[in-house]
2 protein chains.
Amino acid sequence: MSEENSNAGSDNDAGSEGINERHRARMQRKKEVVDQKIEAAKRDAGVLLVNTGNGKGKSSSAFGMAIRALGHGMKVGVVQFIKGAKSTGEELFLQRFPDEVSFHAMGEGYTWETQSRERDIAAAERAWEKARSFLADPAIGFVVLDELNIALKYKYLDVNRVIADLQSRPAMQHVVVTGRAAPPELIEVADTVTEMQLVKHAFKAGIAAQPGVEW
Amino acid sequence: MSEENSNAGSDNDAGSEGINERHRARMQRKKEVVDQKIEAAKRDAGVLLVNTGNGKGKSSSAFGMAIRALGHGMKVGVVQFIKGAKSTGEELFLQRFPDEVSFHAMGEGYTWETQSRERDIAAAERAWEKARSFLADPAIGFVVLDELNIALKYKYLDVNRVIADLQSRPAMQHVVVTGRAAPPELIEVADTVTEMQLVKHAFKAGIAAQPGVEW
């Protein structure tokens, strides 16, 4: 469409009326499509989301949704699996709100730092017990299970047990699970699944992990 | 690897020693690789991030990074392009912190709601003026330009002008640009680019956009 090739300046030239009319007609059609989709999606329900893939944004998206939930007056529960040896920006910030956010970091660092499978399994089990307490509490509207996929990938937790606990949660509770390599069984039962695909990353260009961006 | 096919239970069986040793050796190799990469990425710099694609998580990831930045004591500037007719959870929450977060929602709703190209261009220009004030302020460590890609896609703003303003920002300021269909010129100059790929979405299964998840 010529509109796509125009620029802001072209609105002052002779073609601008045609451009504007085509734009209006196109937006009218788009509005009809969007309104129909909104009409079709009426049911309210707790949503199970999975953020996976090798790209950036899996955990940060979960924490962005958490502040949306806080903005709407919900209580939030967070469990960070695998990560946790170092305090992250999200932890430092969310711990300002102890009445609204329950934050539990597993506190064992990355699995390749501990290099002990038994220690990792024990830490994952403790973290899952915390997660289960959130998944059993209807007062918590939004639950973040950050990097749970990593604990599942290494079989530190049994995926069927995890799915059973997720599916028995309160009907209106939202849960987001993050981490690379989400197991197919989890993707199957999830409502919304996004694969964060790496296009490029500053780290590869020699820029260190920046506070506020990566942690 | 057999470890991948084992489960937590198998740690009690006869093979568990072998499993644990293979795990330790594998994690040792992984630690060496990770440590080398960290050693190679030493430079500190403001990062320009782009979150694009048709999947969920573009804007929520930007707001998750914003709270990381707040957790590290940075000031945050937010401009929401296109969106803004309805108060979102992120706006309701972040406006609690007027000393730390400057939040500007364009306030014209979606472009297919206004159906006026002139009105959209005028609103985008006003929003970009606000964005430029953040991009000129070294006291602001993290800037969110939410849905800017949509304003660029419709040519409401000139991509070269936008890139010039982004590139003249303070050296340590981080900026994240979100929205579908990021222009190639912007992807070219960005440091970190993620494509959020839709695997599945609750909306298609008839679940309405839930507060705390979608807005």
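Bear in mind that the values here come from a model prediction, so they are computed numbers and not experimental data.

## Quick look at the packing of aromatic side chains
Okay, so step 1: As enumerated under the stated definition, the model contains 12 aromatic pairs over all chains in all.
Okay, so step 2: Seen from their ring centres, A:Phe93 and B:Phe93 are 6.1 Å apart, and the 85° between their planes marks the pair as edge-to-face. Placement of the pair is A:Phe93 in helix H4 (residues 89-94) and B:Phe93 in helix H4 (residues 89-94), with the two residues belonging to separate chains. Each member of the pair, A:Phe93 as well as B:Phe93, carries the same accessibility label: buried.
Okay, so step 3: Seen from their ring centres, A:Phe97 and B:Phe93 are 5.6 Å apart, and the 70° between their planes marks the pair as edge-to-face. In this pair, A:Phe97 sits in the loop between H4 and strand S3 (101-105) while B:Phe93 sits in helix H4, so the two residues belong to two different chains.
Okay, so step 4: Residue classification places A:Phe97 among the buried residues on the basis of a relative accessible area of 8%.
Okay, so step 5: One aromatic cluster in this structure is built from A:Phe93, A:Phe97, B:Phe93 and B:Phe97.

## Focus on the relation of the copies chain A and chain B
Okay, so step 1: For the pair chain A and chain B, the superposition axis carries a translation of 0.0 Å, the fit reaches an RMSD of 0.0 Å, and the rotation angle comes to 180°. Interpreted geometrically, this transformation is the action of a two-fold axis.
Okay, so step 2: A high fraction, 100%, of the interface residues of chain A reappear at the interface in chain B, so the copies pair face to face through one surface.

## Quick word on the pairing of strand S5 (residues 174-178) of chain B
All names here are of chain B.
Okay, so step 1: Summarising burial for S5: 5 of the 5 residues are buried, a large majority.
Okay, so step 2: Covered by surrounding structure in S5 are His174, Val176 and Thr178 together with Val175 and Val177, the residues of both alternating faces.
Okay, so step 3: Here strand S1 (residues 48-52) pairs with S5 via 4 bridges, running parallel. Within S5, the residue paired with Asn51 across the bridge is Thr178.
Okay, so step 4: Examined bridge by bridge, strand S4 (residues 140-146) and S5 share 4 bridges and lie parallel to one another. From the neighbouring strand, Val143 faces S5, where its bridge partner is Val175.

## A look at the environment of B:Ala123
Residue and element names in this part refer to chain B.
Okay, so step 1: When you line up the elements, Ala123 lands in helix H6 (residues 117-135).
Okay, so step 2: Its relative accessible area of 1% is what places Ala123 among the buried residues.
Okay, so step 3: Remark: the alpha-carbon pair of Ala123 and Phe81, spanning 42 residues in sequence, is separated by 8.4 Å.

## Describing unusual backbone geometry
Residues and elements named next belong to chain B.
Okay, so step 1: Phi angles above zero are rare outside glycine, and Lys155 is one such case at about 60°.
Okay, so step 2: Along the polypeptide, Lys155 turns up in the loop between helix H7 (148-153) and helix H8 (159-167).
Okay, so step 3: We note that Ala181 has phi near 55°; this positive angle belongs to a residue other than glycine.
Okay, so step 4: By secondary structure assignment, the location of Ala181 is in the loop between S5 and helix H9 (184-189).

## A word on the interface of chain A and chain B
Many authors give the size of an interface as the accessible area that is lost as the parts come together.
Okay, so step 1: Each partner contributes residues to the interface: chain A has 97 residues there, and chain B has 97 residues.
Okay, so step 2: In this assembly, chain A packs against chain B so that about 8200 Å² is buried in total across both faces, 56% of it on carbon and sulfur atoms.
Okay, so step 3: When the buried surface of chain A facing chain B is broken down by residue, A:Arg68, A:Gln115 and A:Arg117 rank first, second and third, together holding 10% of it.
Okay, so step 4: Our count for the contact surface shared by chain A and chain B stands at 4 salt bridges.
Okay, so step 5: Of the charged contacts in the structure, one is a salt bridge between A:Arg68 and B:Glu90, with a shortest N-O distance of 2.8 Å.
Okay, so step 6: Run the count over chain A and chain B and you get 44 residue pairs in polar contact (both at pLDDT 80 or more).
Okay, so step 7: Looking at the side of chain A that touches chain B, the elements that each hand over two or more residues are helix H1 (2-5), helix H2 (16-40), helix H3 (58-71), H4, helix H5 (111-114), helix H6 (117-135), helix H9 (184-189) and strand S6 (192-200) of chain A.
Okay, so step 8: Of all the elements, H2(A) adds the most residues to the side of chain A that touches chain B, at 14 residues.
Okay, so step 9: Broken down by class, the residue content of the side of chain A that touches chain B amounts to 41 nonpolar, 27 polar and 29 charged.

## Description of the sheet that holds S3(A)
Okay, so step 1: Taken together, 12 strands build an open sheet; the order of strands is S3(A)-S2(A)-S4(A)-S5(A)-S1(A)-S6(A)-S6(B)-S1(B)-S5(B)-S4(B)-S2(B)-S3(B) and the sheet is mixed. The open sheet has two free edges, formed respectively by S3 of chain A together with strand S3 (101-105) of chain B, since each of these has just one partner strand. Between one strand axis and the next, the sheet turns through 15° on average, direction left out of account.
Okay, so step 2: Two strands pair when backbone bridges link them, and strand S2 (residues 75-80) of chain A and strand S4 (residues 140-146) of chain A are joined in this way by 6 bridges, in the parallel orientation. When the sheet's bridge partners are listed, A:Val76 is paired in S4(A) with A:Phe142.
Okay, so step 3: In this fold H3(A) packs onto strand S1 (48-52), S2, S3, S4, strand S5 (174-178) and S6 of chain A, with an angle of close to 165° to the strand it touches most, S4(A).

## Overview of a positive patch on the surface
Okay, so step 1: Among the surface-exposed residues, A:Lys30, A:Lys37, B:Arg180 and B:Lys204 lie close enough to one another that they form a single positively charged patch.
Okay, so step 2: Inspection of the secondary structure puts B:Lys204 in the segment after strand S6 (192-200).

## Digging into the UniProt feature "domain: Cob(I)alamin adenosyltransferase N-terminal" (unreviewed entry) in chain A
Okay, so step 1: The feature "domain: Cob(I)alamin adenosyltransferase N-terminal" (unreviewed entry), as annotated in UniProt, sits at residues 20-38 of chain A in this numbering.
Okay, so step 2: A helix fraction of 100% and a strand fraction of 0% characterise residues 20-38 of chain A, whose end C-alpha atoms lie 26 Å from each other.

## A word on the nonpolar core
For soluble globular proteins, the rule of thumb is that nonpolar side chains tend to be buried together.
Okay, so step 1: Membership of the largest hydrophobic core comes to 49 residues, with the highest contact counts inside it found for A:Phe142 and B:Phe142.
Okay, so step 2: What A:Phe142 contacts, discounting residues up to four positions off in sequence, is A:Ala62, A:Met65, A:Ala66, A:Ala69, A:Lys75, A:Val76, A:Gly77, A:His174, A:Val176, B:Gly212 and B:Val213.

## What to know about the side chain of A:Ser60
Okay, so step 1: Looking at the element boundaries, A:Ser60 is found in helix H3.
Okay, so step 2: Overall, the relative accessible area of 1% leaves A:Ser60 in the buried class.
Okay, so step 3: A polar atom in the side chain of A:Ser60 sits 2.7 Å from the side chain of B:Ser61.
Okay, so step 4: Setting aside residues up to four positions removed in sequence, A:Ser60 forms contacts with B:Ser60, B:Ser61, B:Gly64, B:Met65 and B:Arg68.

## Examining the side chain of A:Thr194
Okay, so step 1: Among the secondary structure elements, A:Thr194 is positioned in strand S6.
Okay, so step 2: Owing to a relative accessible area of 1%, A:Thr194 belongs among the buried residues under this scheme.
Okay, so step 3: A polar contact of 3.2 Å, which involves the side chain of A:Thr194, links it to the backbone oxygen of B:Lys56.

Criteria and cut-off values
- Residues numbered from 1 in each chain as written.
- Chains lettered and ligands numbered in written order.
- Predicted model: local features only at pLDDT ≥ 70, side-chain atom pairs only at ≥ 80, totals over all residues.
- Heavy atoms only, no water.
- Phe/Tyr/Trp six-rings, centres within 6.5 Å; stacked < 30°, edge-to-face > 60°.
- Helix = DSSP H or I, 4+ residues; strand = E, 2+ residues; numbered from the N terminus.
- Buried < 20%, exposed > 50% of the residue type's maximum accessible area, 1.4 Å probe, protein only.
- Least-squares fit on C-alpha atoms with pLDDT ≥ 70 in both.
- Contact = heavy atoms within 4.5 Å.
- Pairing = 2+ DSSP bridges.
- Buried area = accessible area lost by both parts, 1.4 Å probe.
- Salt bridge = Lys/Arg side-chain N within 4 Å of Asp/Glu carboxyl O.
- Polar contact = N/O pair within 3.5 Å; in protein donor to acceptor, adjacent residues only side chain to side chain.
- Nonpolar A, V, L, I, M, F, W, Y, C, P; charged D, E, K, R; others polar.
- Axes fitted to C-alpha atoms, helices over the stretch in contact; angles between N-to-C directions.
- Patch = residues over 30% accessible without salt bridge, like charges linked within 9 Å, V, L, I, M, F, W, Y side chains within 5 Å.
- Areas by Shrake-Rupley, 256 points an atom, 1.4 Å probe, with all protein chains shown as cover.
- Lys, Arg positive; Asp, Glu negative; His and termini not counted.
- Charge placed at Lys NZ, Arg CZ, Asp CG, Glu CD.
- UniProt positions renumbered as here; feature names shortened; annotations may be inferred.
- Core = buried A, V, L, I, M, F, W, Y, C linked by side-chain atoms within 4.5 Å.

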